[in-house]
Each structure stands twice: as structure tokens, then as C-alpha cells.
Amino acid sequence: AGITFRRWRHSPLWRRGAWARIARRWRVGDRVADLLIAVAVLMVCAVVSVTVLSARPLLIDEIIQTVQARIFAAGHFWLAAARYPEFHSAMHLLDWSGKVYGQFPAGGPAMIALGSLIHAEWLVGPIFTAVGTYLFARLMRRMPLRDGAALAAVLLYGFAPFTVFLGGSMMNHVTETTWIIAAALALAIAVERDAPHVRAAFAMGCCFGIAATIRPTDAAAFALPAAIWLLWRLRGGIRHLAPLVASGIGVVIPLALLLVVNWHQTGHPLRFGYIEMWGASHELGFHAAPWGVA
């Protein structure tokens, strides 16, 4: 394999130093270069969404989140129960106490609802994937990496098959990841110099808060270390307290909206639809699956 690689590297198909030159051009291209990569990702994901996934929700998670998205787009938290539920019932769709709504946290369906408003739900995934790629590129430019490594990371994130197929779907993984990347970029801006950057810290908090409305545990896994980082900077003086407080306010705003939705749906702000449907055994940790298997 090593002999084959050396022959290929010195063959006319690839000139020595070509990748370094491409990476330097990417560095010089700055925002325009990042935008072009994002547009390419958008096109690839859109093609996958239409040609492979039929521009429709196919998995049950996608279907129920799309149903809830349309409920949100119509201006409601839930729908009144139908007279004949046997024609409308589905797994992960609650039909209790005269209310019909999906079991998933409100943030994921809210992202799809942006597409419901323009009758293009299939575009939400590709657009968020492209935005996430652009933000990731901006983040990589701030990292102490060689240009070639930074560009390779951006292209790997944007065009990896896992990214592309999730980006073409209506699952909530890509929207979640995009908001987390946005928060990471805001954090990098907030801590890149000794002077406090309150607006960046507030933006970071908002992005983590929105991510928490989609997939709460995933968001917490990133938000808690970020909060510790800002807390650690308090060693530099009381002036670093403002970014920490601003980030907390940013987190609270989207979470408050999530609690309002929970209250309207389940009757309790801290009880999610999946707990209402499956019970406390579905809490975080090693629990029983919805169909009873441990």
C-alpha cells in the first residue's frame, strides 16, 4: 500500500504541494470561499433529499416531527383529538386528554416548521447543513491549524456521507449540530482576547439554548464545558462576569419558550411528550425501550 501511495503521489495525477496551494487559496478567499463550499454542500444535500429520500419524511421520527411542525406552522401547540382516532393515530403521536401532538422536544419540529411556512420542509435539512458547514469553516479559521488541515476538516464535515444523508433528511441531528457549531464559534470569539466580549457570550448562550430545545442532552454536553470555561476566566477579574451572565441569559430565553410549549402540551413545563407517553422509565439513562425491552 505504501509503494502504491508513493507512486500515486508522484504521478501526474497529483502534483507535489497542490493541496497546500489549494488551502492557501481557501485562506485568502476568506468568507467567499467558505460561502462557495456551503453552497456546494447545500446542492449536494438537496439532491440527496429529492432523489434518494423523495423530499418526504420517511422514518417515524421524521414523520411525527413533521406533523408537529405543521401544527406549529398553523399557529397551534396541539390539535383537537379526532372523532375516529384509528384513522389518525401513529407511534410517537400522543392522543390524550383531547390533545394530539408529537412526543419530541419542540425545537426540532420548530426548525421544520420554517419549511412548512413556505411549503418546502425538505429544504430545512440541506439549508441547515450548509449553514453549519459555513460556521464550521469560520471556526476552523480561528483554530491554530495548518491551512491544509483546517480545509480538510471543513470538507470532511460538509461532504461526509453521514452528514449528507442526515442533511437531506428531516431528522433533527443536523439542526442540532448547526446550533452547537454556532455556539462554539461564538465561544471562540468570546474568549479570543482578554477583554470581555459580552455580545458573543450572549449569542453563544442563545445558540446552546436553541440546541437544548431540539436535543437537550446533546446541548448540555457542550454547554456545560463552555460555561466552566467562562467561569474559569473569572480568575482574570470581575470584568469577566458580564459574559458569563450574558451567556446564562441567552440560554434561558429559548428554554423558557420550550417550557411554555411543554406546559401547553403535557400540562407541566418540565414534562416532555415522550415522558407523558412512555412514563418515567424513559428518562435519561439505561431505561426500558418504548416497546418494553430493557
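See above for the structure.
The structure presented is a predicted model; accordingly, all values stated were derived computationally and were not measured.

Bringing the overall build of the chain into the picture now. When you go through the chain residue by residue, the secondary structure sums to 12 helices and three strands. In terms of overall dimensions, the chain has a C-alpha envelope of 70 × 55 × 40 Å along the principal axes. The proportion of buried residues among the 294 residues of the chain is 43%. A separation threshold of at least 6 residues defines the contact pool for the chain, and within that pool the share at least 24 residues apart is 70%. Put simply, the chain shows about 16,200 Å² of open surface, and 70% of that area lies on carbon and sulfur atoms. Each charge class in the chain was averaged separately, 25 positive and 14 negative side chains, and the resulting centres sit 17 Å apart.

Pairing analysis gives four bridges linking strand β2 (residues 93–96) to strand β3 (residues 99–102), with the strands arranged antiparallel. Opposite Leu93, over in β3, you have Gly102 as the bridge partner. Hairpin connection, β2 to β3: the antiparallel pair is bridged by two residues, and Ser97 has positive phi, about 55°.

What follows concerns the packing of aromatic side chains. In the structure shown here, the tally under the stated rule is four aromatic pairs. Summarising the aromatic geometry, the rings of Phe272 and Tyr274 are spaced 5.5 Å apart at their centres and angled 10° between planes, so their arrangement reads as stacked. One exposure class covers both Phe272 and Tyr274, and it is buried. Arg141 extends its terminal NZ or CZ atom over the ring of Trp26, reaching a point 4.1 Å from the ring centre.

Moving on: the nonpolar core. Counting residues in hydrophobic clusters, the biggest one holds 37 residues, and the most contacted among them are Trp26, Phe136, Val154 and Met204. Listing elements by their share of this core, those giving two or more residues are α2 (18–51), α5 (124–141), α6 (147–159), α8 (173–191), α9 (198–214) and α10 (216–232). If we skip the residues at most four places from it in the chain, Phe136 touches Ala153, Val154, Tyr157 and Ile181. Of all hydrophobic cores here, the second largest spans 11 residues; its members include Ala106, Leu258, Val261 and Phe272.

Turning our eyes to something else, we now look at the pattern of salt bridges. Between side chains of opposite charge, a pair can form when the charged atoms approach closely. Taken as a whole and assessed by the stated rule, the structure comprises nine salt bridges. In this structure, Arg141 engages Asp30 in a salt bridge whose closest nitrogen and oxygen atoms are separated by 3.9 Å. Of this pair, Arg141 sits in helix α5 while Asp30 sits in helix α2, and the two are 111 residues apart along the sequence. Classification of Asp30 as partly exposed rests on a relative accessible area of 32%.

For the rest of this paragraph, the subject is the pairing of β3. Going residue by residue along β3, you find Lys99 and Tyr101 tucked away on one face and Val100 and Gly102 tucked away on the opposite face as well. Here strand β1 (residues 79–80) runs beside β3; their pairing, made up of two bridges, is antiparallel. Looking at β3, one finds that Leu79 is bridged to Val100.

Right, let's talk about helix α11 (residues 241–266) for a bit. Quick reminder: α-helices carry 3.6 residues per turn. Residues three or four places apart thus point the same way. With 26 residues, α11 should cover 38 Å at 1.5 Å per step; its first-to-last C-alpha distance of 37 Å lies within 8% of that length. Taken residue by residue, α11 has Pro243, Leu244, Ala246, Ser247, Gly250, Pro254, Leu258, Val261, Asn262, Gln265 and Thr266 as its buried positions. For α11, the elements touching its buried residues are α3 (60–73), β3, α9, α10 and α12 (273–278). Looking one or two places after α11, you find Gly267, whose phi comes out positive at around 90°.

So, how was this worked out
- Throughout this description, residue numbers start from 1 for each chain and increase along the sequence as written.
- Side-chain atom pairs in this predicted model are given and counted only at pLDDT of 80 or more, local residue features only at pLDDT of at least 70, and totals for whole chains, interfaces and linings cover all residues.
- Note that water and hydrogens are dropped before the side-chain values are worked out from all heavy atoms of the structure.
- Numbering of helices and strands runs from the N terminus, with a helix taken as a DSSP run of H or I at least four residues long and a strand as a DSSP run of E at least two residues long.
- To sort residues, take the accessible area from a 1.4 Å probe on protein chains only and compare it with the maximum for the residue type: under 20% means buried, over 50% means exposed, and anything in between is partly exposed.
- Between two residues, a contact is recorded if the distance between any of their heavy atoms is within 4.5 Å.
- Working definition of accessibility: Shrake-Rupley area with a 1.4 Å probe, residue cover restricted to the visible protein chains.
- His is not counted here, nor are the chain ends, while Lys and Arg score as positive and Asp and Glu score as negative.
- Taken as the charge centre is NZ of Lys, CZ of Arg, CG of Asp or CD of Glu, depending on the residue.
- Two strands are counted as paired when DSSP detects at least two bridges linking them.
- Ring pairs shown here join Phe, Tyr and Trp side chains whose ring centres sit within 6.5 Å, with only the six-membered ring taken for Trp; geometry is labelled stacked below 30 degrees between planes, edge-to-face above 60, and tilted in between.
- Over a ring means this: the NZ of a Lys or the CZ of an Arg is within 6 Å of the ring centre and within 35 degrees of the ring normal.
- The set of buried Ala, Val, Leu, Ile, Met, Phe, Trp, Tyr and Cys residues whose side-chain atoms join them within 4.5 Å is what this entry labels a nonpolar core.
- Salt bridges are defined as contacts in which a side-chain nitrogen from Lys or Arg sits within 4 Å of a carboxyl oxygen from Asp or Glu.
- Multiplying one less than the number of residues by 1.5 Å gives the expected span of a helix.

Just distances and angles here, no functional claims.
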